[in-house]
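Each chain, written out:
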Amino acid sequence: VYVPTFRADVEGMADISEEIARIYGYDKIPVTMTKGEVVAGGKTRLQKLEDTIKNTLSEAGFYEIVTYSFIDPKENALVNIAEDDKRNNFVRILNPLGEENSVMRTDLTSSMMKILKNNYARRNPEAMLFEIGKIFTPVEGEVLPLETQDIALGMYGSNDFYDIKGNVEQLLEDCGIQDYDFARCSDNLTFHPGRCATLTIKGEKAGVVGQIHPSVCQNFKIDTEVYAAF
């Protein structure tokens with residue numbers, strides 16, 4: 001097939017087919033039903049796990065929050081993360097909108113504390129919040145960082161240490177995790193040294209639960225006890 005130079009609108013096989021159909025006659029082309037194979041949809045194991053987590057925490061009275069993955073590098077200091085801590089090794093944004101959004105977070109603590117601060121500043125008497133969010137850890141020799149899905153719980157008001165510990169235990173049980181244990185923790189500067197416990201699952205450290213250190217609460221201008229789990 002040679003396309004005349006004056007037919008600049010004919011560029012490919014679809015255009016030639018259209019010309020043949022037009023000349024032959026659309027009315028002479030038999031009608032056929034379109035057909036195709038459809039695969040039944042379904043959720044992945046991770047998506048089902050997230051649904052379980054959200055349902056468990058929502059039933060316990062928590063509200064889900066979604067925060068930005070971009071943070072201010074100074075925020076880690078507000079939650080008492082030491083300068084030499086590996087969590088201060090950030091992935092930096094090449095073209096940030098400002099210093100307050102210049103790095104990718106390596107921890108969910110400051111994100112949770114900021115939302116608790118906003119609730120407290122607006123005089124909400126109680127707050128029970130949770131977030132399922134990603135943290136970004138640089139990997140030596142790799143262009144892209146390691147993206148890890150983490151869970152954060154935070155609350156203030158009429159709750160105490162045993163309430164949030166019970167929420168974590170219920171969450172573990174609903175997720176089918178039974179081989180876990182809590183041990184007293186005193187080396188995490190974000191938490192109160194006497195009201196903090198380390199969560200281990202099958203002997204490996206999986207998180208921390210307890211009362212946020214009063215100095216951290218002061219940094220966020222929260223004048224009440226705050227309990228969290230990360």
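Calculation rules
- Residues numbered from 1 in each chain as written.
- Predicted model: local features only at pLDDT ≥ 70, side-chain atom pairs only at ≥ 80, totals over all residues.
- Heavy atoms only, no water.
- Helix = DSSP H or I, 4+ residues; strand = E, 2+ residues; numbered from the N terminus.
- Buried < 20%, exposed > 50% of the residue type's maximum accessible area, 1.4 Å probe, protein only.
- Expected span 1.5 Å × (residues − 1).
- Contact = heavy atoms within 4.5 Å.
- Pairing = 2+ DSSP bridges.

Even without a glycine there, the phi angle at R123 is positive, about 65 degrees. One non-glycine residue, K202, lies in the positive phi region at around 55 degrees. Within the secondary structure, K202 is located in the loop between β8 (191–201) and β9 (204–212). Classification of K202 as exposed rests on a relative accessible area of 66%.

In this model, helix α2 (residues 45–59) (15 residues) spans 21 Å end to end at C-alpha, consistent with the 21 Å of a helix rising 1.5 Å per residue. Those residues of α2 hidden inside the fold are in contact with β5 (127–137), β6 (146–156) and α5 (161–174).

Right, let's get into the pairing of β6. Relative to β6, β5 is paired through eleven bridges, and the arrangement is antiparallel. Counterpart to M128 in the pairing with β6 is M155. Alignment of β6 against strand β10 (residues 226–229), held across four bridges, turns out to be antiparallel. Paired with Y156 across the two strands is V226, which belongs to β10.

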